[in-house]
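Structural characterization, general
Below, each chain spelled out in residue letters.
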Amino acid sequence: MADNGVDHSAANRQLPGARIAADARLALDGGNPVRQEPWPTYDRGAVCVHPDDEQAALRAIRSHLYFRYDCRPADETECGQFEAELCRYFDCEHALATSSGTTALALAIMAAGIEPGSLIACPGFTFAATPSAIMLAGCTPFLVDIDENLHLDVADLRSRWTPQVKAIMVVHMRGFAADMAALIRFADEMGVPVFEDAVPALGAELDGRKLGTFGLAGAFSTQSDKALNSGEGGFLLTDDSALFARATVLSGAYEGRLRRHFPNGDPPIATDLDLPLLSFRMDEIRAALLRAELDRLPVRLAAFRRNYDYVASALADIAGIHIRRPVAPGAYLGEAFIFLVPTGGAEWFARALCHEGIEARNLGSDADRNIRAFWNWRFMFRGMETSAIKELLPNATRYLQRAVDIPLSSTLSLADCDQLVAAVRKIIGALAQAPAVIDEGSARAGLR
Ligand SMILES: Cc1ncc(COP(=O)(O)O)c(C=O)c1O
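Residues numbered from 1 in each chain as written. Predicted model: local features only at pLDDT ≥ 70, side-chain atom pairs only at ≥ 80, totals over all residues. Heavy atoms only, no water.

Some thoughts on the site of the ligand
Near the ligand there are 15 residues, and of these Gly101, Thr102, Asp197, Ser221 and Lys226 occur at the shortest range. The contact in question runs from an oxygen atom of the ligand to an N or O atom on the side chain of Ser221, over 2.7 Å. Alone, the ligand offers 390 Å² of accessible surface; in the complex the protein occludes 89% of this. Sorting the residues of the shell around the ligand by element identifies α3 (101–111) and α4 (129–136) as the ones contributing at least two each. It is α3 that contributes the most residues to the shell around the ligand, three residues altogether. (Near = heavy atom within 4 Å. Polar contact = N/O pair within 3.5 Å; in protein donor to acceptor, adjacent residues only side chain to side chain. Areas by Shrake-Rupley, 256 points an atom, 1.4 Å probe, with all protein chains shown as cover. Helix = DSSP H or I, 4+ residues; strand = E, 2+ residues; numbered from the N terminus.)

Side note on the sheet that holds strand β4 (residues 165–171)
Strand order across the open sheet formed by seven strands is β1-β9-β8-β5-β4-β2-β3, with mixed pairing between neighbours. A strand with exactly one partner marks an edge of an open sheet, and here the two such strands are β1 (94–98) and β3 (140–144). The sheet shows a mean angle of 25° between the axes of neighbouring strands, taken without regard to direction. Those strands touched by helix α7 (residues 241–251) are β1, β8 (217–221) and β9 (234–238), and its axis lies near 20° from that of β1. (Pairing = 2+ DSSP bridges. Axes fitted to C-alpha atoms, helices over the stretch in contact; angles between N-to-C directions. Contact = heavy atoms within 4.5 Å.)

Section: the sheet that holds strand β11 (residues 336–340)
Pairing is antiparallel across the open sheet formed by four strands, whose spatial order is β10-β11-β13-β12. Pairing within the sheet leaves two strands with one partner each, and these edge strands are β10 (322–323) and β12 (361–362). Direction of pairing for β11 relative to strand β13 (residues 403–407): antiparallel, over a ladder of five bridges. Note on β13: the bridge partner recorded for Ala336 is Pro407. Packed on one face of the sheet, helix α10 (residues 346–355) meets β11, β12 and β13 and runs near 25° to β13. Sitting on the sheet, helix α12 (residues 394–402) is in contact with β11, β12 and β13, with an inclination near 55° to β13.

Below is the structure:
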């Protein structure tokens, strides 16, 4: 393990990427691209679905029993068995399969009894679904700045703190664990619960414990670009039986169906009619598919890890970029490779990568309107100028403007990874030889 927290053992080979004889002239400037084929991503079908997974979904389709709360006992339904398997996999008390990650997040907040209208702290670098889920639960997102490794900055949270904040929603964004020890210490000091948006980090661990099991509740998605993929879907994990019972009723367990989730005793809430019914349930076809995928999850996680470590090690020596650092060794999934270009020009860099055939985005690009950049969340800042929104979180603004994000599908081969490495090295090479190129590019993009 090297001091950047990345496991280098998988990449102990002769200079990856160097084997590819790249045309020195950037594709952006008319040179030959490093790669001709499209970069593999979930929306082009680059997902791990095994024929056994397809059979499992077919089995559910052929059963004609698609509703999780039909005449069968819970332990004979796909959803019931999926939830039991999740509890074993994550070593937690309760799991609830849901219609999405967003609904799982909202259920966690509502079921914890956070009063509507409360502020809930969350990082300024996350997918727009995080603040959206907070709003769905009737609360208001309270944005917190991030550090240069794009993790929620606990010192900033402390400095902004107000008693109206009733919970902290941490996000393991792009698969990288948040600093859970520091956040839980701080939340305990303030007397508020921590929820985990573990959507991007399904299966990743921090200090030997699965992300999503540190807080009062953890939420996950099974939408197509996640480590488990059922098109749409999600689940909630918690050890808190009362929270679980309320989340289950809210998700749509009506007319006594809550009892099926408590086979060994009475549910810890008096009546399911005290809560509204939101229909955030999962169906049997998805649960069947996910059960089969869960069996093979370790293989998929190993593929993410192998590819990430391979790329990060191969580029660790490069001056001019700052590779995002995990909060602890190995505390990441590996679904995305993010680096910062501290001297500016990240927008140009991402564009140059795209021309080389590697899909990349500058997270803070003004041209691209990335949904992970907080100033694009117009639903939160009606009537405000973008420049004024950016000033709310100056560090998040600066770091996202410098960040280049490359999706790493678990289906990538080492040859694909070599092309990524070669493309980054090629662009860095051009940068070093012709700094004017990047200055021009940055200036064009209005980055300086
Ligand atoms: C950080 C984060 N939270 C929440 C979600 C929402 O998940 P879903 O699309 O299943 O609602 C996403 C989706 O990608 C996400 O990236």
